[in-house]
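Residue-level listing of the chains:
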Amino acid sequence: MNRIRSLPRRNTHLIDAGDMTRLSSAVRGLVTALATLLALTAASATAQAAPSRAGTDPKAPADFVALQTVDPTIIQEMRYITRHNFVGERIDGYRQPLCILTRPAAQALHKAQRKLLRQGYTLKVYDCYRPQRAVNHFVRWAKDLEDQAMKGEFYPDVDKTRLFEDGYIAEKSGHSRGSTVDLTLVKLPAMPTRPYVPGEPLVPCYAPRSERFPDNSVDMGTGFDCFDTLSHTLDPRIQGTQRANRLLLKSTLEGLGFVNLAEEWWHYTYRPEPYPDTYFDFPVTTKSLTKGP
Ligand SMILES: C[C@@H](N)C(=O)N[C@H](C)C(=O)O
Ligand SMILES: [Zn+2]
């Protein structure tokens, strides 16, 4: 290499046979070095890719937060990590009972909570960010028409084949984009709730409040994830205190940028969404977050 660089340009045509031998061996050395470098680079790229092929979970972007770090007063009753949900099993991807949201959505909920606390209420969340693998679990469950174990509580009058078509569950859910939340209101002081016992007799989610599964929330006319037209936020059959409760939640959240899903009184999406087109799949655990609680 030095030999080549030291040759004056005007003399390159005077290279003798010895020079040619040294030159070609220098070029061979250069080619070998480049090949080695390329091989090493490829090997290191493979090494970096290997963990994800071996099953390393994806991480959340830095602007996803645990809601409790933004507002520790909001009650969290994360249903999909329990068996008390329409599937009747813990849902894939939920590893900790944790509400994860994009920071703007969490901050807007914090503002809503400040307003509600002054009126004697607190928010209670049932579901927040939902990994795509959880949605895939719902889709698999929906295809298995033999499994209607939780029908008695969650979809007593709706055929299981219609849950997606009727808008109660989505194959691509806003929850996976990180700015959607399922929530209700609880009158303060919040009473304790009893745990669901798997296998216990199920009561329709639209039964009178005193009969359906006990929840310390205000009466919204149906329970959470009640797949029925009575859950449509403005269903005209819902009147009086139940309607007033739905409208208090709706007006408070809409005033802070949230948009309600007309089919579900509990489902709200914060706008503008930081990730309007991305469906995330990191698991629900503090390990997915850059900054844990
Ligand atoms: C399943 C229910 N809690 C819900 O969030 N439904 C909407 C339509 C969704 O899946 O995004
Ligand atoms: Zn929802």
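Quick notes on the rules
- Per-chain numbering applies: the sequence of each chain, read as written, is numbered from 1 onward.
- The order in which chains are written sets their letters, starting at A; the order in which ligands are written sets their numbers, starting at 1.
- Local features in this predicted model are restricted to residues of pLDDT 70 or higher, and side-chain atom pairs are both shown and tallied only at a pLDDT of 80 or more, whereas totals for entire chains, interfaces and linings draw on every residue.
- UniProt positions are given in the numbering used here, feature names are shortened, and annotations may be inferred rather than shown by experiment.
- Numbering of helices and strands runs from the N terminus; a helix is a DSSP stretch of H or I covering at least four residues, while a strand is a stretch of E covering at least two.
- C-beta atoms are first placed from the backbone for all residues, and any pair lying within 7 Å is then listed as a contact.
- Placing the C-beta atom from the backbone, one calls a residue near a molecule or strand if that atom lies within 6 Å of it.
- Here the nonpolar group is Ala, Val, Leu, Ile, Met, Phe, Trp, Tyr, Cys and Pro; Asp, Glu, Lys and Arg are the charged ones; every other residue, Gly included, is treated as polar.

Taking an unreviewed UniProt entry as the reference, the chain is identified by name as D-alanyl-D-alanine dipeptidase belonging to Streptomyces lincolnensis. The annotation that UniProt attaches to the chain under Catalytic activity (unreviewed entry) is "D-alanyl-D-alanine + H2O = 2 D-alanine". Checking UniProt for the chain, the heading Function (unreviewed entry) contains the comment "Catalyzes hydrolysis of the D-alanyl-D-alanine dipeptide."

**Q** Please give an account of the UniProt feature "active site" (unreviewed entry) in the chain that cites residues and values.
**A** Sequence positions flagged by UniProt for "active site" (unreviewed entry) are, in local numbering, E264. Considering the arrangement of structural elements, one finds E264 in strand β7 (residues 264–270). Those residues in contact with E264 that sit more than four places away from it in its chain are Y168 and S231.

**Q** Give me the site of ligand 1: which residues, what numbers.
**A** Around ligand 1 there are 13 residues in total, and I169, A170, S173, D182 and D225 lie nearest to it. Looking at the shell around ligand 1 residue by residue, the classes come out as four nonpolar, five polar and four charged.

**Q** Describe in detail the UniProt feature "site: Transition state stabilizer" (unreviewed entry) in the chain, supporting the description with residues and values.
**A** Here, the residues flagged by UniProt with the feature "site: Transition state stabilizer" (unreviewed entry) are R130. By the element assignment, R130 lies in the loop between β4 (121–127) and α5 (132–143). In this view, R130 contacts V135, S173, H175 and S176; residues no more than four positions away in its chain are not counted.

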